Amino acid sequence: MNETNSELGPDTTTGQTQGTDQSATREICLDLMKYLDASPSPFHAVSEAVQRLEAAGFTSLSEDEPWSPEVVNGACYVARDGAIIAWVGANFASETGWRIIGAHTDSPNLRVKPLPDVSANGYRQLGIEVYGGALNNSWLDRDLGLSGRVLLTDGSSHLVRIDRPIARVAQLAIHLDREVNEKGLVLDKQLHLLPISGLGTTSEGALCEFIVSECGLATQLGTDGAIAALDLMLHDLTPAALLGIDNEFLASARIDNQFSCWAAVTALIAADTDNACVTALFDHEEVGSSSTTGAAGPLLERVLGRLGALQELSIDDQAVMYARSTCLSSDMAHAVHPNYADRHEPGHRPLPNGGPVLKVNANQRYATSARTAALFQAACDRVEVPLQRFVSRNSVACGSTIGPITATRLGIDTVDIGAAMLSMHSARELCGAQDPALMLRALTSALEM
């Protein structure tokens, strides 16, 4: 009889995880949970990445200042708003090309509108805009906090995180919607998703005053200062947790795609190689990536171009370098749903804890080619990590990632991968508790090849 891992569940794919391996798998999952809990917004995800990179000896660089040639030999990063590019071993790029891992920091959620103070029918509410392809019903009846950043009139930017329940999107009682269980729940984004934040009436500027008081910004504001702009969002206050009878699962907000952000940063720090390795975490993937900090913007291209220029590489040299490069677009993947198996392609039904998932789409919604699929398979084989495959059912539209965008913009061979998950785009998602360790091994191997 096989022994069951009481911490993270049985390994159904590669045999039992025992002894130090079992302990390491658990610690890796717990580390991901810490990252998820620390990152209620893209700005916090970048801040957490910065803390981890700096603890590992990485140096911050500013985009608006010249860089010295010495940075090519070091471990450095550039952060802008909800995006960050970090690298090591850039001096080897002309020989080996870049080894790039890309991911995105944003998740579908409820974003606060510029003038958020709303009063209606005796309640105070917050004006929100649905960001990305959220499962709107998953935001109902949850205790919500507030996070993001505010810009002050002096030009300074400050992270905001309020981890107490200040708002709730209350669902209509079944007594007032008797057919909801038979006909389904239909939510009007404008009318039905406004969170309740109190009773009575509110006035313009009330939320800003609350943030100043709650976050201790009065000192920074001084006597003449004020909050000039908001970049805020609501977040579910439930922390990440292990789930299942044998703790096989990890349940958390923002698994898509902060799982991959954590894995990319951790792999960059852990890789033992002279290869030129890059982690690129972008914002705004959930709304198309077209922004200054999105994958469709010039951020990564400019950083790589500056590093090439510091090595005095010619245009031809840099073209050769890009031709030798590879990019791993690491986003999440659809695990087969036990209650909706008919929505999945037979024979391509990934499971949690089954290892990374190779994502393929003939219509180029994913950037995987036969060549890049073989390269990632070799990276997994090198460290004995199982590899699963996902293809959408022909009758079900396929989503997309930063992979095709990065491949198009840079002309770099790209593979789309991810960890299998359920409840994608929900306020609270689900993945396998062993997959963080498996994905980390696979990504680290890919950087080292």
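Quick caveat, the model's predicted, so the values are computed rather than measured. (Residues numbered from 1 in each chain as written. Predicted model: local features only at pLDDT ≥ 70, side-chain atom pairs only at ≥ 80, totals over all residues. Heavy atoms only, no water.)

**What about the pattern of salt bridges?**
Here the structure, examined in full by the defined rule, presents 16 salt bridges. The salt bridge involving R168 is made with D143; its shortest N-O contact spans 3.3 Å. Residue R168 is located in the loop between β8 (157–167) and α4 (180–183), and its partner D143 is located in the loop between β6 (123–131) and β7 (144–152); the two are separated by 25 residues in the primary sequence. Looking at D143, the relative accessible area reads 41%, which means it is partly exposed. Here the residues in one salt-bridge network are D31, E48 and R52, joined through shared partners. (Salt bridge = Lys/Arg side-chain N within 4 Å of Asp/Glu carboxyl O. Helix = DSSP H or I, 4+ residues; strand = E, 2+ residues; numbered from the N terminus. Buried < 20%, exposed > 50% of the residue type's maximum accessible area, 1.4 Å probe, protein only.)

**Digging into the environment of I166**
Take I166: it is sitting in strand β8. With 187 residues separating them along the chain, I166 and N353 place their C-alpha atoms 36 Å apart. Sequence-distant contacts of I166, defined by excluding residues within four places in its chain, comprise L144, L146, I196, S197 and F210. (Contact = heavy atoms within 4.5 Å.)

**Description of the nonpolar core**
Among the nonpolar cores identified, the biggest contains 55 residues, and L250, L281 and F376 are the most heavily contacted of them. Top contributing element to this core by residue count: helix α7 (residues 255–270), with nine residues. With sequence-adjacent residues up to four places away left out, F376 is seen in contact with L328, P356, L358, L387, V415, I417 and A442. In this structure, W98, L300, L304 and Y322 belong to the second largest nonpolar core, which totals 30 residues. (Core = buried A, V, L, I, M, F, W, Y, C linked by side-chain atoms within 4.5 Å.)

**Quick word on the sheet that holds strand β3 (residues 83–88)**
Strand order in the open sheet formed by nine strands is β1-β2-β3-β13-β4-β14-β18-β16-β17, with mixed pairing between adjacent strands. If you trace the sheet from one side to the other, it starts and ends with β1 (59–60) and β17 (388–390), each paired once. (Pairing = 2+ DSSP bridges.)

**Considering the pairing of strand β20 (residues 429–432)**
Pairing of strand β12 (residues 249–252) with β20 involves four bridges; the strand directions are antiparallel. Residue pairing in the sheet places F249 in a bridge with G432 of β20. Where strand β19 (residues 420–422) lies against β20, two bridges are found, and the strand directions are antiparallel. Bridge pairing links M421 to C431 in β20. What sits between β19 and β20 in their antiparallel hairpin is a turn of six residues, with S423 showing a positive phi close to 60 degrees.

**Topic: empty space enclosed by the protein**
According to the stated counting rule, one finds two cavities of 30 Å³ or more in the structure shown. One number sums up the size of the largest cavity: a volume of about 130 Å³. What lines the largest cavity is a set of 20 residues, and nearest its centre among them are S107, P108, N109, W139 and R254. Secondary-structure elements contributing two or more residues to the lining of the largest cavity are β10 (227–236) and α7. By residue number, the principal contributor to the lining of the largest cavity is β10, which donates four residues. Considered class by class, the residues forming the lining of the largest cavity number eight nonpolar, eight polar and four charged. (1 Å grid on protein atoms, 1.4 Å probe; cavity = no way out; pocket = protein on both sides within 12 Å on 5 of 7 lines; lining within 4 Å. Points joined across faces, edges and corners; volume = space filled by probe spheres on them. Nonpolar A, V, L, I, M, F, W, Y, C, P; charged D, E, K, R; others polar.)

**Points about helix α8 (residues 299–310)**
For α8, with 12 residues, the first-to-last C-alpha span of 17 Å sits near the 16 Å given by 1.5 Å per residue. Listing the buried residues of α8 in full gives L299, L300, V303, L304, L307 and G308. (Expected span 1.5 Å × (residues − 1).)

**Brief notes about the layout of surface pockets**
Considering only enclosed or pocket space, the largest pocket measures out at about 1000 Å³ in volume. Among the residues making up the lining of the largest pocket, the classes are represented as 14 nonpolar, 16 polar and nine charged. There is about 370 Å³ of room inside the second largest pocket. Lining the second largest pocket are 20 residues, with A170, Q171, L172, L187 and H192 sitting closest to its centre. When its residues are assigned to classes, the lining of the second largest pocket shows 13 nonpolar, four polar and three charged.

**Focus: the side chain of N109**
By the secondary structure assignment, N109 is in strand β5 (residues 109–120). Judged by relative accessible area, which is 6%, N109 ranks as buried. Beyond its immediate sequence surroundings of up to four residues, N109 is in contact with E129, V130, Y131, A134, W139, M233 and L234.

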